[in-house]
Amino acid sequence: MVLADTQDVGHRPGPGDPVIAGERPVACPQGPALPPNPYRALGSPYLWCASAHLATDAVMGAAGLAVLTALCVALCLIPAGLVGVPLAILAGRMLHLLGTAERQRWAAMPGLPIPPQPRPALSGPLLGSAAALARSRSSWQLVAYFGVLAPWSLVTLFGSVLVWGIPLALVLLPAYRAELPGGRASLGIIVVGDLGTALLVSALTLLLWATLAPLVVRGLLTADVLLARALLAPARDVTLAQRVEYLTESRARVVDAAEAERRRIERDLHDGAQQRLVAMTMTLGRARSRLKGSGQDAALELVDEARASAQEAIKELRDLTRGLHPPVLTDRGLDAALSAVAARLPIPVDVDVDVTPRPSTTVEGIAYFVVTEALTNVAKHARSQKAWVRIRRTTDRLAVTIGDDGVGGAEVSPGGGLAGLADRVSGVDGRLRVTSPPGGPTLIEVDMQCV
């Protein structure tokens, strides 16, 4: 069988399990992949699996009919009293359990898993559970599925007997013909009374079976797959919603992983290379003290140059680590980190931050770098006299506003710094808007999911 491939990462949910964040939504089955040549199909494992699947349709059809009958009886008892409500809920549970068993039966078919449907919440007050059951689209889909499967399973059962039972009896006719009454068998207009005729009937039956059996199985299984796709699998809008949820969660995991990697690099640089440079500077200072007054002015000059270079490297490394993820942001939050940034700028910046409780480290990092980049652009290009930063948290959203009284004219252009900020903000389901008319003022407004 073949599937519409929607693979990304992760694994398939088990049959009947709800699709949760981080798990890949499963595509609906498309149909049988039996070789078009019936003689080649005889050697395909799909033929035998499909035949077994069709033969067990009758079992699931009978079970489904029994559950639907119990559900109808429970519904009829509801007007007579509340005794029908718990019976209806019990029948609903049985219906969903039977749906899970049916998906497991489909999962046994190579390449034909059926994605799970959302289950209604059937715990809590009886009337609430009954209402959830009645409102659930998946419940009604299961009712329709087993309502159609019950009569359709009779067709698949007859087809299985036609494909396997009758041909097998005719193929084995030479072996048991002599045991029949009178040593002969009547096959409609043909009477088999001797071994030669029995062998001929057996050979013709085998030839017809090899030609027609794969075609019959293919047709019945195709109808079975169409029924499962239409009623047992989730509706298209549910599948799309599951996939959107999965992609949103996977994108958030990628952003979190990137921010965690930035923090790791910052720690490694701070605790590794930066500390070694500091130690080297101290060593050069001691060397300078020993050389001072020795008359080796050339060596002393080289030591001074090396020490100055090491100190410059330390400064550059500190700027680099601050740009990756400043420790003050982790330790004291956005207010302290952005106040430190504002203090280093050549223009006055008013910082007003109220983000209680603190958002996640990922959101904090993105907000910090958006503000830092925006203020750097203000200092370089805006020719402004002042700037301001306002950050507020409202329930699950974080609003960031950066403004200046400069010349304006800023815009989000492909490949530009503001476009990069917009891309970074979009990683946490955020939006960036720039308002910058000629002559100013310029406002950069960011709204992010705050988790």
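Under an unreviewed UniProt entry, the name given to the chain is histidine kinase, and the source organism is Streptomyces huasconensis.

(A) Seen up close, the sheet that holds strand β8 (residues 431-435). Strand order in the open sheet formed by 5 strands is β5-β6-β7-β9-β8, with mixed pairing between adjacent strands. Pairing within the sheet leaves two strands with one partner each, and these edge strands are β5 (349-354) and β8. When strand polarity is set aside, the average angle formed by the axes of neighbouring strands in this sheet is 10°. Where strand β7 (residues 397-404) lies against strand β9 (residues 442-449), 8 bridges are found, and the strand directions are antiparallel. Across the sheet, residue Arg397 finds its bridge partner in β9, namely Gln449. Contacting β5 and β6 (387-394), helix α12 (residues 334-343) runs over the sheet at an angle of about 175° to β5. Contacts from helix α13 (residues 361-382) reach β5, β6, β7 and β9 within the one sheet, and its direction differs from that of β7 by about 10°.

(B) A look at the packing of helix α4 (residues 84-107) against helix α8 (residues 195-232). At their nearest, the axes of α4 and α8 sit 13 Å apart, and the two run at 140° to each other. By the angle class used here, α4 and α8 are oblique. As for the relative orientation of α4 and α8, their crossing is left-handed in sense. For the pair α4 and α8, the contacting residues are Glu102, Arg103 and Trp106 in the first and Asp224, Val225, Ala228 and Leu232 in the second. Tallied by class, residues from the contact of α4 with α8 come to 4 nonpolar, no polar and 3 charged.

(C) How the structure looks around helix α3 (residues 57-77). With 21 residues, α3 should reach 30 Å at 1.5 Å per residue; the first-to-last C-alpha distance of 30 Å fits that figure. Of all the positions in α3, only Asp57, Met60, Gly61, Gly64, Val67, Leu68, Leu71 and Ala74 are classed as buried. Taken around the axis of α3, the buried residues stretch over an arc of 145°, which confines them to a single face. Exposed and oriented more than 90 degrees from the buried face of α3 are Val59 and Cys76. For α3, the secondary structure elements touched by its buried residues are α2 (45-55), α4, α6 (137-171) and α8.

(D) Representation of the environment of Leu47. In this structure, Leu47 sits in helix α2. On the accessibility criterion, Leu47 (0% relative accessible area) is buried. As for Leu47 and Ala213, which are separated by 166 residues in sequence, their C-alpha atoms are 9.0 Å apart.

(E) Highlighting the UniProt feature "transmembrane region" (unreviewed entry) in the chain. In this numbering, the UniProt entry assigns the feature "transmembrane region" (unreviewed entry) to residues 63-90, 142-166 and 186-210. This span, residues 142-166, is 100% helix and 0% strand, and a straight line between its end C-alpha atoms measures 34 Å.

(F) Main features of helix α5 (residues 126-135). Taken together, the buried positions of α5 are occupied by Ser129, Ala132 and Leu133. Along α5, the residues classed as buried sweep out an arc of 100° about the axis, all on the same side. Those residues of α5 that are exposed and aimed more than 90 degrees away from the buried face are Leu127 and Arg135. Those residues of α5 hidden inside the fold are in contact with α4 and α6.

(G) Spatial organisation of the packing of aromatic side chains. Within this structure, the stated rule accounts for 4 aromatic pairs. Centre to centre, the rings of Trp48 and Trp164 are 5.1 Å apart; their planes meet at 40°, and the pair counts as tilted. With a gap of 116 residues between them, Trp48 in helix α2 and Trp164 in helix α6 connect regions that are remote in the sequence. Exposure remark for Trp164: the relative accessible area of 24% places this residue in the partly exposed category. An aromatic cluster of at least three residues, connected via ring pairs, comprises Trp48, Trp164 and Trp209.

(H) How the structure looks around the pattern of salt bridges. The final tally for this structure, using the stated rule, is 6 salt bridges. Between Arg392 and Asp352 there is a salt bridge whose closest N-O contact spans 2.6 Å. Of the two residues, Arg392 is situated in strand β6 and Asp352 in strand β5; the sequence distance between them amounts to 40 residues. The exposure class assigned to Asp352 is partly exposed, which follows from its relative accessible area of 32%. For the salt bridge of Glu364 with Arg358, the shortest nitrogen-to-oxygen distance reads 2.7 Å. Classification of Glu364 as buried rests on a relative accessible area of 2%. Overlapping salt bridges bring together Asp57, Glu102 and Arg105 as one network.

(I) Seen up close, a nonpolar patch on the surface. The grouping of Val73, Leu77, Val83, Leu87, Leu90 and Met94 at the surface amounts to a nonpolar patch, some 490 Å² of accessible area in total. Looking at the nonpolar patch, the elements with two or more residues in it are α3 and α4. Tallying contributions element by element places α4 first for the nonpolar patch, with 3 residues. Mapping Leu87 onto the fold places it in helix α4.

Procedures and definitions
Residues numbered from 1 in each chain as written. Predicted model: local features only at pLDDT ≥ 70, side-chain atom pairs only at ≥ 80, totals over all residues. Heavy atoms only, no water. Pairing = 2+ DSSP bridges. Helix = DSSP H or I, 4+ residues; strand = E, 2+ residues; numbered from the N terminus. Axes fitted to C-alpha atoms, helices over the stretch in contact; angles between N-to-C directions. Contact = heavy atoms within 4.5 Å. Parallel < 35°, antiparallel > 145°, perpendicular 65-115°, else oblique. Left-handed = near helix turned anticlockwise from the far one by under 90°. Nonpolar A, V, L, I, M, F, W, Y, C, P; charged D, E, K, R; others polar. Expected span 1.5 Å × (residues − 1). Buried < 20%, exposed > 50% of the residue type's maximum accessible area, 1.4 Å probe, protein only. Arc of directions from axis to C-beta. UniProt positions renumbered as here; feature names shortened; annotations may be inferred. Phe/Tyr/Trp six-rings, centres within 6.5 Å; stacked < 30°, edge-to-face > 60°. Salt bridge = Lys/Arg side-chain N within 4 Å of Asp/Glu carboxyl O. Patch = residues over 30% accessible without salt bridge, like charges linked within 9 Å, V, L, I, M, F, W, Y side chains within 5 Å. Areas by Shrake-Rupley, 256 points an atom, 1.4 Å probe, with all protein chains shown as cover.

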